[in-house]
Each structure stands twice: as structure tokens, then as C-alpha cells.
Amino acid sequence: MKTDILIIGAGISGAVLAERYASIGKKVLILEKRNHIGGNCFDFVDDNGILVSKYGAHLFHTQEEDVWKYVNRFGDWYDWEHKVIAKVDGQLVPIPVNITTVNKIFDLDLSTQQEMKDWLEKNRSAIEDPQNGKEAVLDKVGPVLYEKMFRHYTKKQWDKFPEELDASVLNRIPVRTNFDDRYFSDKYQALPKGGYTKIFENILSHPNIHVELNTDYFDVKDKINGYEKLFYTGPIDRFFEFKYSLEEKLEYRSINFVSETVDKDFYQENSVVNYPGMEVDFTRIIEYKHFGDQKADKTTIVKEYTVDTGEPYYPVPNEKNRAIYNKYKEEAEALVDIYFVGRLANYKYFNMDQAFKNALDLFKSLEGKPKRKRITRYEKTGIQKV
Ligand code: UDP
């Protein structure tokens, strides 16, 4: 096997780098362990005729103009402002917490931003510079909502309580002092018409790109006899053959997706319903038929159970894992012409747009044209202005 650019993994990072390198005339070989492209964005039409995601719902949202422009080159997108509702005390309430959430849970009748701000001021436990997920939530919404909406959901999701995680994990969820019930507030929020897999097919459709599916890099690496650069997008510890001891193993969370067909038009009123309580052990139910207003006789629902073994989906952001990751990072940085890109290789909880952005930026930093040195009039003419 010989190529200019070798890429391990056909998810967002791998696909973007492949496309960028192909566009400057490089031959690119992608090795993908799974039997499909698209990484965890992979979607397909299931037996009920519904477009579903194999690895959980993927909601695209970004503030980055360059990322938005880039993804639009590979397919049409429709506006989708994602909403999530959570089942709390038997009622469905919006998450992120907004005025409606507080009104429903506490049986109140707040109606203005000022009333909501006053309520939060009275109920939150102000904490200067929150150091972990628990402090972050207490600081924003106080102990009652923490208990009802965040504590157990987080335990189910991470097998850790919020105090065992970085504040950044829980800070992904804002608090709203109005009635805005969108999950994200980014300028661009959209889903690809016809699904993500098509977008990946288009990104990878270039004569210079060759994708080998069902090929684990670690099984074939001795047969590879040359490349200019290697981009690795898998788990960083696997690249170094899990060099550090088991006690200091990097943690990942995986999800067990349990799919069911329901012989009804719709099962639930929204695409995603979270279950933050202890009454069930799944975290959420996704009903894919809601995305893009799909038509089918039946509906498909998927319950998500987060587990610690299986495909690695989420890095677990906390101090312990950061310290282990930093050791691998040091090893990675010492390698020449090998780059670690994406959620698993950088051990970072990236959103999709951040994955696009990092891959685009990495390409630019490696291959961007060197800035032309400005030639002064003196250098040009030899005449110095006085
Ligand atoms: N979270 C929670 N309750 C919810 C939703 C989220 O406690 O109803 C917490 C939980 O710790 C979760 C984190 O907020 O892991 C981030 O949620 P997000 O929806 O961003 O997670 P993802 O969609 O990436 O799984």
C-alpha cells in the first residue's frame, strides 16, 4: 500500500482532510474499520422507511461562517431548530430550562424576563468560578432543578455524578430567561436533506480519494510502505497500544441503542424526549420520524442506554483523564508527519461543527500558502525614501 496521504477513519475529520488533500492533487487513502463511511453521523433508511442515525441523533449547529459554507458545498440543508423536552415529575418540560420549565415544575405563572431573573436569583446557589458540573448547575439554576433535571441524567450518561466531571460538560446546557425553547442558539441550525451519509459520499467523491472499508489500520499497518502524512482519527490510546497501565486507562462512554417499531403514526410529541429521573435507566428516546417531517405508516423509536464498554463515543472530561491524555499527547507531538485529529484522537467532546473546523484549520495550517513577504519600495528599487 502506498499513498501520499494516509487517513485512519472516515468520519468528519478524516473525510474533510481527504477532500482538502485531494483538492490539491494528493492521492489519499482512507482506512475505515467499519463497513461504512460517515463515522458516528452515519444514517440510513430503516425497515419502516424512516431515515435513522445508527449512532444517535446528530444535530448540526454552528456560528462559523466557513464551516457553514463548507458543508453547503456537499448537499442541501433544511432549517432545523432542534428542541428537546424532558419528562420531569410526569410532565413534559423544555430543556434548556426556560420560563415554561419553571412555570410547569413549580406551578408558577412567570411571564417576563425580569420575573425569571428574579426567580433564578432567589433559587440559584451563586458559586464563584464553578469547578465542576455540579457547581456549574447549582450556580445557574439551584438545587431543586439540579436534582430533578441534571443529577441522575448525568449519572446515567457518564456513570459519574456531575461533581466528578468538568464544569464544561454541564455548561453545554444554557439557562434561558425567556420562552426560547431551542436547544441551541447558533446562527446556523440545519439538517442535511436526505441525510448525513449522502453528504459524506459527496465529500469523498473525488478521483484522488480511495476508501477501504472493513479495514483496521492496526491489522495492515506493516503492509503500508510510505506516505507523506498520516492523519489518525481513532482513540489516541489505541494508537499507542494502550501504553499506560489499566488504573490510568483513558475512559470512554459508549451507547447501547435499542430500536423499536411502534405501530402508530407518532410515539411521542417531539424528536427527543429526555428522561432525567431514576424511574427508567435509559437517558432519552429519539423518534426519527420527526426530523424532516418524514412520512411512514409506523414509527421507529430508539432508547439510549449509556454504557462503559463498546464503541467509544464520548471522552469523559475530568482532571484524571486529562492528565492521562496529556501523556499521550506528548507522545503524539513527538511523532513526525503523524497528526491526531477529531473527538477520539484529541480526547475532546467536540460538536460536529468543531470537528469540521479543526480539520479545515489543520489543513490550512499545514498546507496554507506561506504569506508573501511584503517587498518594500527600497528592496524593489534600492532607493530609500527619506
Ligand atoms: N444533561 C442533563 N440533563 C439533560 C440533558 C443534559 O443533566 O436533560 C447534562 C448531561 O450531563 C449531559 C450534558 O448535560 O451529558 C450535555 O448534554 P448534551 O445534550 O450536550 O449531550 P449530548 O447530546 O452530546 O449527548
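That block above? That's the structure.
Residues numbered from 1 in each chain as written. Predicted model: local features only at pLDDT ≥ 70, side-chain atom pairs only at ≥ 80, totals over all residues. Heavy atoms only, no water.

Thoughts on the sheet that holds strand 7 (residues 84-88)
And step 1. Spatially, the 7 strands line up as an open sheet ordered 8-7-13-14-15-12-16, and their pairing is mixed. Among the strands making up the open sheet, the edge pair consists of strand 8 (91-95) and strand 16 (314-315).
And step 2. Strand direction decides the pairing type here: strand 7 and strand 8, joined by 5 bridges, are antiparallel. Along strand 8, the bridge assignment pairs V84 with I95.
And step 3. Lying over the sheet, helix 6 (residues 143-158) contacts strand 7, strand 8, strand 12 (252-262), strand 13 (272-274), strand 14 (284-287), strand 15 (299-307) and strand 16, oriented at roughly 80° with respect to strand 8. (Pairing = 2+ DSSP bridges. Helix = DSSP H or I, 4+ residues; strand = E, 2+ residues; numbered from the N terminus. Contact = heavy atoms within 4.5 Å. Axes fitted to C-alpha atoms, helices over the stretch in contact; angles between N-to-C directions.)

Section: a negative patch on the surface
And step 1. Taken together, the side chains of D107, D109, E115 and D118 present a region of like negative charge at the surface.
And step 2. One can find D118 in helix 4 (residues 113-123).
And step 3. For D118, a relative accessible area of 43% gives the class partly exposed. (Patch = residues over 30% accessible without salt bridge, like charges linked within 9 Å, V, L, I, M, F, W, Y side chains within 5 Å. Areas by Shrake-Rupley, 256 points an atom, 1.4 Å probe, with all protein chains shown as cover. Salt bridge = Lys/Arg side-chain N within 4 Å of Asp/Glu carboxyl O. Lys, Arg positive; Asp, Glu negative; His and termini not counted. Charge placed at Lys NZ, Arg CZ, Asp CG, Glu CD. Buried < 20%, exposed > 50% of the residue type's maximum accessible area, 1.4 Å probe, protein only.)

Quick word on the site of the ligand
And step 1. The environment of the ligand is made up of 16 residues, and the closest members are W158, R172, Y183, Y314 and Y349.
And step 2. In this structure, an oxygen atom belonging to the ligand sits 2.5 Å away from a side-chain N or O atom of Y183.
And step 3. The side chain of N274 places a nitrogen or oxygen atom 2.9 Å from an oxygen atom of the ligand.
And step 4. Contact with the protein chains hides 93% of the accessible area of the ligand, taken as 520 Å² for the molecule alone.
And step 5. If you tally residues by element for the shell around the ligand, the top one is helix 6, at 6 residues.
And step 6. Its residues placed into classes, the shell around the ligand shows 11 nonpolar, 3 polar and 2 charged. (Near = heavy atom within 4 Å. Polar contact = N/O pair within 3.5 Å; in protein donor to acceptor, adjacent residues only side chain to side chain. Nonpolar A, V, L, I, M, F, W, Y, C, P; charged D, E, K, R; others polar.)

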